[in-house]
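Chain by chain, the residues:
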Amino acid sequence: FSASPPSYQISAKTLLDGSISHRLTEPESGAGQRTESLETIFSALWKYSPLLEFGPGVRYRWGSNETTDDRTTVGPLLRTRYRLTGKTGLDSDIGMNFFVSDGSRGGSGMPPFARLGVHYEMNRIWTFHFSLGNDSVTDEAGGYRDTFQVRAGVSRAIRRANWRMGVGYEKIDRSGTALNLG
C-alpha cells in the first residue's frame, strides 16, 4: 500500500510534497523471514525550470521482522524530478539513513540510500512506475546490510491524491532473496 496525499503549491516555484508507504515482505520458502515496514517522506521541491524540480526532504522509516528488534530510521534526502516528455519522467531520491534499533542488540549508523525511477502517464488517471534502489536494513548484530530493490507498479489518481500498488524484488546482501508485495 502506498499513498501520496495532494501536493501543496506554496508559491509559483515551490511545492510541498509527501508520501506514505506500507510494505509487507513474504520471502521465498527457506530464503528469509516475513518483514513489515512503514515509510513516510516529506519534501519541499523548487521548480528550477518547466522540466526540472528538486529539493530537500526527510524520510522516516519503521521496520519489524520475526527475529530482530524493531528499527527506526530517519534521514535527510535530496529529491529530484525531471520531465523527459509530456508523458514520461525520471524521479530520484538520494540520502542518508540514521537508524537506531530498539533493544539491547541495537546499533546506529548512517549508510546511504538511493532510488532512481521512471514513470509513464498512460492517461490523466493511471501512471506506470518502475524503479531501482539501494537501501540498508539492520541485521541481528545491530549493524546494517545493503539491499537492492526493483519495483514496478501503477498509481491511480483519486481526486487530488494518488493510490499506488505494485510488486517488487529485493535482494539482501548475504541473506538470500525475498518477494516484496506492496
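Residues numbered from 1 in each chain as written. Predicted model: local features only at pLDDT ≥ 70, side-chain atom pairs only at ≥ 80, totals over all residues. Heavy atoms only, no water.

When its secondary structure is counted, the protein chain shows zero helices and 14 strands. For the protein chain, the N- to C-terminal ordering of α and β elements is β-β-β-β-β-β-β-β-β-β-β-β-β-β. In the protein chain, which comprises 182 residues, the share counted as buried stands at 36%. Here the analysis covers contacts within the protein chain between residues at least 6 apart in sequence; of these, 43% occur between residues at least 24 apart. Only carbon and sulfur atoms are counted for the fraction: they give 62% of the accessible area of the protein chain, which is about 10200 Å². (Helix = DSSP H or I, 4+ residues; strand = E, 2+ residues; numbered from the N terminus. Buried < 20%, exposed > 50% of the residue type's maximum accessible area, 1.4 Å probe, protein only. Contact = heavy atoms within 4.5 Å. Areas by Shrake-Rupley, 256 points an atom, 1.4 Å probe, with all protein chains shown as cover.)

Let us now look at the pattern of salt bridges. Here the idea is simple: oppositely charged side chains can pair when their charged atoms come close. All told, the structure shown has nine salt bridges when counted by the stated rule. Where Arg 59 meets Glu 39, a salt bridge forms, and the shortest distance between an N and an O atom there is 3.1 Å. With Arg 59 in strand β5 (residues 52–65) and Glu 39 in strand β4 (residues 35–47), the pair connects residues that are 20 residues apart, well separated along the chain. Glu 39 gets classed as buried once you look at its relative accessible area, which sits at 11%. Across the pair Arg 59 and Asp 135 runs a salt bridge, and its minimum N-O distance is 3.0 Å. Of this pair, Arg 59 sits in strand β5 while Asp 135 sits in strand β11 (residues 126–138), and the two are 76 residues apart along the sequence. The exposure classification of Arg 59 matches that of Asp 135, with both residues buried. Here the salt bridges do not stand alone but share partners, grouping Asp 17, Glu 53, Arg 79, Arg 81, Asp 93 and Arg 115 into one network. (Salt bridge = Lys/Arg side-chain N within 4 Å of Asp/Glu carboxyl O.)

Position of Phe 128 relative to the elements: it lies in strand β11. Counting along the chain gives 38 residues from Phe 128 to Gly 166, while the straight-line C-alpha distance between them is 9.5 Å. In this view, Phe 128 contacts Val 118, His 119, Tyr 120, Met 122, Ala 152, Gly 153 and Val 154; residues no more than four positions away in its chain are not counted.

Counting all residues, the mean pLDDT for the protein chain is 80, and 75% of those residues have values of 70 or more. In the model, residues 175–182 has pLDDT below 50 throughout and makes 28 contacts with residues more than four positions away in sequence or in other chains. (pLDDT = per-residue confidence, 0-100.)

Moving on: the pairing of strand β6 (residues 71–83). In this structure, β5 lies alongside β6, joined through 12 bridges in antiparallel fashion. Residue Arg 61 lies in a different strand from β6, and its bridge partner there is Thr 73. Sheet topology note: the β6/strand β7 (residues 88–96) ladder contains seven bridges and is antiparallel. From the neighbouring strand, Arg 81 faces β7, where its bridge partner is Asp 91. Hairpin connection of β6 to β7: four residues between the antiparallel strands. (Pairing = 2+ DSSP bridges.)

The next subject is the packing of aromatic side chains. Evaluated as defined, the whole model comprises three aromatic pairs. Ring centres of Trp 46 and Tyr 48 lie 5.6 Å apart, and the angle between their planes is 65°; on these two criteria the pair is classed as edge-to-face. Arranged with centres 6.3 Å apart and planes meeting at 45°, the rings of Tyr 48 and Phe 54 form a pair that is tilted. Grouping aromatic residues by their ring pairs yields a cluster made of Trp 46, Tyr 48 and Phe 54. Sitting over the ring of Phe 113, Arg 59 keeps its end group 3.8 Å from the ring centre. (Phe/Tyr/Trp six-rings, centres within 6.5 Å; stacked < 30°, edge-to-face > 60°. Lys NZ or Arg CZ within 6 Å of the ring centre and 35° of its normal.)

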